[in-house]
Amino acid sequence: MAKVPAVDIVIYHNPACGTSRNVLGLIRNAGIEPHVVEYLKTPPSRALLVALIERAGITARELLREKGTPYAELGLGEASLSDDALVDAMIAHPILINRPLVVSPMGVKLCRPSEAVLDLLPEPQRGAFAKEDGAQVVDESGRRVAG
């Protein structure tokens, strides 16, 4: 039986999102079964969301999702809005949180494009991996394919 690495990884996941599904696949391709948080069903607390933004080294605006959200209706494009106001909007409407956000012992990152997760995985890829659109990310030797 293959030894499963004792690695604690959390993915804030939306199963309806292809990028999120690709990231989950890459984590599993490294032999790691992450904690999957479907954040639309179980949104993070305000304190946790603020901590994730800080740990990822991004701004609240950089985590804000526009496509398929009430971004425009809520006037979130207004440059004068504070990070607090943007976080409040994400807490009120979790669909505004961009995904997938991945937490690993190696850091926190918004994994767009999906191959960005490779920088957070302490275990190598175990074989070839292609995105849902067919784009090869990892070759049969487990090495990242230059994009």
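For the structure itself, consult the block above.
Residues numbered from 1 in each chain as written. Predicted model: local features only at pLDDT ≥ 70, side-chain atom pairs only at ≥ 80, totals over all residues. Heavy atoms only, no water.

### Things to note about the sheet that holds strand S3 (residues 101-104)
- The sheet built from 4 strands is open, its strands ordered S2-S1-S3-S4 with mixed pairing. For this open sheet the edge positions go to strand S2 (35-38) and strand S4 (107-110), each flanked by a neighbour on one side alone. Each adjacent strand pair in this sheet contributes to an overall mean axis angle of 15 degrees, direction not counted.
- Here 4 bridges tie S3 to S4, and the two strands are oriented antiparallel to one another. Looking at the pairing, Val102 lines up with Lys109 of S4.
- Against the sheet, helix H1 (residues 18-29) contacts strand S1 (10-13), S2 and S3, and its axis sits at roughly 160 degrees relative to S1.
- Against the sheet, helix H2 (residues 46-56) contacts S1, S3 and S4, and its axis sits at roughly 95 degrees relative to S4. (Pairing = 2+ DSSP bridges. Helix = DSSP H or I, 4+ residues; strand = E, 2+ residues; numbered from the N terminus. Axes fitted to C-alpha atoms, helices over the stretch in contact; angles between N-to-C directions. Contact = heavy atoms within 4.5 Å.)

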